[in-house]
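Architecture and fold: a report
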Amino acid sequence: MSEHYTLHVNGVERAVQDAWVGENLLYVLRERLGLMAAKGACEQGECGSCSVLVGGNLVCSCLVLAASAVGEPIVTVEGLAPPGAPSDVQQAFVDCGAVQCGFCTPGLIIAAHDLLDRTPEPTEMQIREELSGNVCRCTGYGRIIEAVQQVAVARRTADAGAAS
Amino acid sequence: MTVLVPTSLDEAIAGLAANGGATLLAGGTDLMVEVNEGHRHFPWPDDGATIIALHRVPELATWTYDVPAATVVLGAGVTWATIEQPPLRDLVPALAEAARTVGSPQIRNAGTVGGNLATCSPAGDGLPVLAALDADVTLLSAGGRRTMPVRDFMLGVKRTALQPGELIESITVPVLQGWQGYSKVGVRNAMVIATASACVATDVPSRSIRIALGSVAPTVVRCPVAEQFAVERVDWDALTVDAGDAVEFGRLAAAASRPIDDHRSSAEYRRHAVAVMAQRLLQRAFPGGER
Ligand SMILES: Cc1cc2nc3c(=O)[nH]c(=O)nc-3n(C[C@H](O)[C@H](O)[C@H](O)COP(=O)(O)OP(=O)(O)OC[C@H]3O[C@@H](n4cnc5c(N)ncnc54)[C@H](O)[C@@H]3O)c2cc1C
Ligand code: FES
Ligand code: FES
């Protein structure tokens, strides 16, 4: 009794065929749907490199039973911005040197977008706490925090410009 | 299909009644770790067992404040992310403090209070708070409802009173009038399992002080001797406590703990940590005392 179901990923209905019922969403995204942004390092919720949005919530896709996520919008980094036109957060990560090996980056980009959507002007403590589920072994986090702060400032400036 | 995603409580209960051995899934933050590690075998092609995912059941995902009863009724599927924010943070502050220490934002967005209770890990951060607040748990099956104290529901390490065919419907938490707080010792600030933890909750009108400990016994421990001692020593008019009495309170709490040596810590360290946490929590509850 293998599973057939449909997931709603980045605005597109994607059919999943002949899956084992216990497959997690990270596995299905990568191995069945070819979406390689979310990364798997621990598959136990510790590292955050597999972070995606499910139903608007930031979660570890390795802990989501894929077959239970039917009917909910799923967003991965591939769905944030079209290829070649990075989002403001993606561009800030590049500009600030917040990317080294890049393994943690997709998870952090999703987490940073989620943070800035909910808390447009986070303090450094808030950034550290909100990103505490995303482990980076390379950067030491300083430049990641800088990138998030830079986006917060840029968005505020843009808003002020739009209002005047 | 072997995964049911009910969208009402009736549907969930019917699914549970029709599939005796069904596995319940809430946020998946305990269960999926076991599945990923191959420790929990989900239905393989021929054994036809059922998984019932509860995250779309609205009755389980909501909470209510029953003002006349002075209780908060938390659906089993309420997440830690909801509990750590106002308005719940203002009604059950110690539970919100515990919530804020659970895993990471990703884990708190998915993980639920009902899943924490059903897992019944000695280190479950919600459990000492629910025990200190004398919370009740309501279990529901096709046969009906039953309610029992959370302390009676927790039987041992990962063992509960939940029967096949039942699910946790809600947890009823008294809203007290007095300071309450949660303290947790671990190797770092985020994403850490408790080495030892403690909750102190007070209710000034009834002159009640409760302390419950986590990670220092197979399940949560309440410390009646320490509680009685504190009730007698606190100055209930000034809301103060002597520094020396707070130290003794810590010693009595540590004496009630039954910690073990394991890969995370030693029994001796855990006992010491309990004494320090209990003392500090009592002093925070009754801050007028000397340091
Ligand atoms: C990286 C990581 C860090 C963590 N950190 C912490 C931490 O700091 N503190 C802490 O306490 N926990 C922690 N946990 C454990 C876990 O997040 C919590 O125990 C959480 O509350 C579990 O809830 P859930 O909804 O995800 O449960 P699930 O995994 O969905 O279910 C857990 C168990 O409960 C059962 N169940 C779920 N809902 C019901 C119901 N309504 N009725 C009956 N049975 C039910 C399931 O069948 C299963 O056996 C962590 C987990 C991870 C992966
Ligand atoms: S792979 Fe999911 S948190 Fe590490
Ligand atoms: S850039 Fe290498 S892990 Fe973060």
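Residues numbered from 1 in each chain as written. Chains lettered and ligands numbered in written order. Predicted model: local features only at pLDDT ≥ 70, side-chain atom pairs only at ≥ 80, totals over all residues. Heavy atoms only, no water.

Turning our attention to the nonpolar core. Grouped together as the largest cluster of nonpolar side chains are 78 residues, with contacts concentrated most on L7 and L25 of chain A together with I83, L117, V137 and I171 of chain B. The dominant element in this core, judged by the number of residues it contributes, is helix α9 (residues 126–132) of chain B, at five residues. In this view, V137 of chain B contacts L117, R146, T147, M148, P149, V150, F153, I168, S170 and I171 of chain B; residues no more than four positions away in its chain are not counted. (Core = buried A, V, L, I, M, F, W, Y, C linked by side-chain atoms within 4.5 Å. Buried < 20%, exposed > 50% of the residue type's maximum accessible area, 1.4 Å probe, protein only. Helix = DSSP H or I, 4+ residues; strand = E, 2+ residues; numbered from the N terminus. Contact = heavy atoms within 4.5 Å.)

This part takes up empty space enclosed by the protein. By the definition in use, this model includes one cavity of 30 Å³ or more. Every residue along the wall of the largest cavity is listed here: V59, C60, L63 and V64 of chain A together with G27, T29, Q106, I107 and A110 of chain B. Of all the secondary structure elements, the ones that give two or more residues to the lining of the largest cavity are β4 (57–60) of chain A together with α7 (105–110) of chain B. No other element matches α7 of chain B, which puts three residues into the lining of the largest cavity. (1 Å grid on protein atoms, 1.4 Å probe; cavity = no way out; pocket = protein on both sides within 12 Å on 5 of 7 lines; lining within 4 Å. Points joined across faces, edges and corners; volume = space filled by probe spheres on them.)

Here we take up the domain arrangement of chain B. Residues and elements named next belong to chain B. Domains assigned within chain B are domain 1 (2–53), domain 2 (58–174) and domain 3 (180–285). Using C-alpha coordinates to define each centre, domain 1 is positioned 20 Å away from domain 2. Listed by partner, the interface residues are 12 residues for domain 1 and 16 residues for domain 2. For the pair domain 1 and domain 2, the summed buried area comes to about 1,100 Å², and 73% of that belongs to carbon and sulfur atoms. Among the residues domain 1 hides against domain 2, the three largest losses belong to L9, I13 and T29. Together they make up 45% of the total. Put simply, domain 1 and domain 2 have zero salt bridges between them. Applying the counting rule to domain 1 against domain 2 returns two residue pairs in polar contact (both at pLDDT 80 or more). For the side of domain 1 that touches domain 2, the element with the highest residue contribution is helix α1 (residues 9–18), accounting for five residues. (Domains from an automatic or database assignment. Buried area = accessible area lost by both parts, 1.4 Å probe. Salt bridge = Lys/Arg side-chain N within 4 Å of Asp/Glu carboxyl O. Polar contact = N/O pair within 3.5 Å; in protein donor to acceptor, adjacent residues only side chain to side chain.)

For the rest of this paragraph, the subject is the packing of aromatic side chains. All names here are of chain B. Considering all chains together, one arrives at one aromatic pair over all chains under this definition. Measuring from centroid to centroid gives 5.5 Å for W236 and F286, while their planes differ by 85 degrees, and the two rings are edge-to-face. A residue pair is termed long-range when its members are at least 10 positions apart, and W236 in the loop between α11 (224–233) and α12 (243–256) and F286 in the segment after α13 (267–285) qualify at 50 residues. (Phe/Tyr/Trp six-rings, centres within 6.5 Å; stacked < 30°, edge-to-face > 60°.)

The next thing to look at is the layout of surface pockets. Estimates place the volume of the second largest pocket at around 870 Å³. Together, 26 residues line the second largest pocket, and E129 and S132 of chain A together with R188, N189 and A190 of chain B are the ones closest to its centre. Looking at the lining of the second largest pocket, the elements with two or more residues in it are α4 (124–130) and α5 (142–163) of chain A together with α6 (93–100) and β11 (180–185) of chain B. Per-element accounting of the lining of the second largest pocket gives the leading share, four residues, to β11 of chain B. Its residues assigned to classes, the lining of the second largest pocket comprises 11 nonpolar, seven polar and eight charged. (Nonpolar A, V, L, I, M, F, W, Y, C, P; charged D, E, K, R; others polar.)

All names here are of chain B. Taking strand neighbours across the sheet as the criterion, the five strands line up as β4-β5-β10-β6-β7 in an open arrangement whose pairing is antiparallel. Lying at the two open borders of the sheet, with one neighbouring strand each, are β4 (63–66) and β7 (144–149). Along the sheet, successive strands turn relative to each other by an average axial angle of 20 degrees, direction set aside. Examined bridge by bridge, strand β6 (residues 136–141) and strand β10 (residues 167–174) share five bridges and lie antiparallel to one another. Along β10, the bridge assignment pairs V137 with I171. α1 rests against β6 and β10 of the sheet, and its axis sits at about 130 degrees to β10. (Pairing = 2+ DSSP bridges. Axes fitted to C-alpha atoms, helices over the stretch in contact; angles between N-to-C directions.)

All right, on to the site of ligand 1 then. In the vicinity of ligand 1 lie 36 residues, with L24, T29, D30, T112 and D125 of chain B positioned nearest. Surrounding ligand 1 are residues belonging to chains A and B, so the site spans chains. A distance of 2.7 Å separates an oxygen atom of ligand 1 from a polar atom in the backbone of G27 of chain B. Within the backbone of G103 of chain B, one N or O atom sits 3.1 Å away from an oxygen atom of ligand 1. In isolation ligand 1 offers 980 Å² of accessible surface; the protein chains occlude 92% of this area. (Near = heavy atom within 4 Å. Areas by Shrake-Rupley, 256 points an atom, 1.4 Å probe, with all protein chains shown as cover.)

Turning our eyes to something else, we now look at the pattern of salt bridges. A full pass over the atoms with the stated rule returns 20 salt bridges over all chains. The partner of R100 of chain B in a salt bridge is E129 of chain A, and the shortest N-O contact between them spans 2.6 Å. In this pair, R100 of chain B sits in helix α6 while E129 of chain A sits in helix α4, so the two residues belong to two different chains. Ionic contacts of the salt-bridge type, sharing partners, join the residues D134, R151, R210, R222 and E227 of chain B into one network.

Residues and elements named next belong to chain B. Reading across the sheet, the four strands line up as β11-β12-β13-β14 and stay open at both edges, with antiparallel pairing between neighbours. The sheet terminates laterally at β11 and β14 (221–222), the two strands that pair on one side only. Two strands pair when backbone bridges link them, and β11 and strand β12 (residues 196–203) are joined in this way by six bridges, in the antiparallel orientation. For G181, the partnering residue across the bridge sits in β12 and is V200. The strands touched by α11 within the sheet are β13 (208–214) and β14, with β13 carrying the most contacts at an inclination of about 150 degrees.

Contacts between the two partners involve 32 residues from chain A and, on the opposite side, 33 residues from chain B. Counting each side, the surface lost to burial between chain A and chain B is near 2,600 Å², with a carbon and sulfur contribution of 58%. Connecting chain A to chain B are one salt bridge. If you look at where chain A meets chain B, you find 11 residue pairs in polar contact (both at pLDDT 80 or more). Put simply, the parts of the chain that give the side of chain A that touches chain B at least two residues each are β1 (3–9), β4 and α4 of chain A. The biggest single contributor to the side of chain A that touches chain B is β4 of chain A, with four residues.

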